[in-house]
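Below are the chains, spelled out letter by letter.
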Amino acid sequence: GGSSETPNRSTGETPIAGRVQEPKSTSYSSGSEGRPGAELYRCFDQVVGTTEEFYSDDSTRAVARSITKIVDMEGPVAEELLIKRVAHAWGFDRSGAKIRRKTLASIPSDRVVRSVEGETVFYWPATIDQDTYDQFRGGAKSDETPRKSSEIPVAELAAAARSPGWTLDSAA
């Protein structure tokens, strides 16, 4: 059988070893602009290396840097979404067990903080105080929604609920 970890062919481009593309982000909005505490959800969309580099023996630091970049941009971010973003950043279309293991083993505990809500694990930038977190990021009203409702931490939903003009539709 084949592996579910296949190189990314969606762009038609092959990343060049040692070259990092300019950071890009995709923003999604649910009409939350202009409301206090509201901001757009930004998705990490940067190629940081090749599939071969990801599996090299000396890639742990580079993988850790990519995790930090993703969490800094998207955090708090659900574990499954983080793993998908890491896989994409290294040229994979999907993430399998090997990518999951390497990603979780490479999380830099000095830059990224872990929290658990029910069955969902979230990763936060270490610079964010989870107890006073007051931001929420809206999702898209299309098939390109960057997060499922289960991928939004309670602190973010609470911030949305405290916001004037908040509706259940604007939370996800």
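Going by the structure above, here's the rest.
The following refers to the structure shown. (Residues numbered from 1 in each chain as written. Predicted model: local features only at pLDDT ≥ 70, side-chain atom pairs only at ≥ 80, totals over all residues. Heavy atoms only, no water.)

### A few points about the overall build of the protein chain
Reasoning step 1: When helices and strands are tallied, the protein chain shows five helices and six strands.
Reasoning step 2: For the protein chain, the N- to C-terminal ordering of α and β elements is β-β-α-α-β-α-α-β-β-β-α.
Reasoning step 3: Every one of the 172 residues in the protein chain was classed for burial, and the buried ones make up 43%.
Reasoning step 4: Considering only residue pairs separated by 6 or more positions, the protein chain has 69% of its internal contacts joining residues 24 or more positions apart. (Helix = DSSP H or I, 4+ residues; strand = E, 2+ residues; numbered from the N terminus. Buried < 20%, exposed > 50% of the residue type's maximum accessible area, 1.4 Å probe, protein only. Contact = heavy atoms within 4.5 Å.)

### Concerning the environment of E74
Reasoning step 1: Mapped onto the elements of the fold, E74 is located in helix α2 (residues 60-74).
Reasoning step 2: It is 9.0 Å that separates the C-alpha atoms of E74 and P125, two residues lying 51 residues apart in sequence.
Reasoning step 3: A distance of 2.7 Å separates a polar side-chain atom of E74 from the backbone nitrogen of F44.
Reasoning step 4: For E74, the side chain forms a polar contact with the side chain of R85, separated by 2.6 Å. (Polar contact = N/O pair within 3.5 Å; in protein donor to acceptor, adjacent residues only side chain to side chain.)

### Here's the deal with helix α5 (residues 154-162)
Reasoning step 1: Looking at α5, one finds that the buried residues are A155, E156, A159 and A160. Seen along its axis, α5 keeps its buried residues to an arc of 140°; they face one direction. For α5, the exposed residues lying more than 90 degrees away from the buried face are V154 and R162. (Arc of directions from axis to C-beta.)

### Thoughts on unusual backbone geometry
Reasoning step 1: With an omega of 0°, the peptide bond between G75 and P76 qualifies as cis.
Reasoning step 2: By the secondary structure assignment, P76 is in the loop between α2 and β3 (77-78).

### Some words on the pattern of salt bridges
Note that side chains of opposite charge can pair when their charged atoms are close.
Reasoning step 1: For the structure on display, the rule yields four salt bridges.
Reasoning step 2: For the salt bridge of E80 with R100, the shortest nitrogen-to-oxygen distance reads 2.6 Å. Highlighted residues: E80 in helix α3 (residues 79-89) and R100 in helix α4 (residues 97-106), separated in sequence by 20 residues.
Reasoning step 3: The class of E80 is partly exposed, set by a relative accessible area of 43%.
Reasoning step 4: Note on R100: relative accessible area 28%, which makes it partly exposed. (Salt bridge = Lys/Arg side-chain N within 4 Å of Asp/Glu carboxyl O.)

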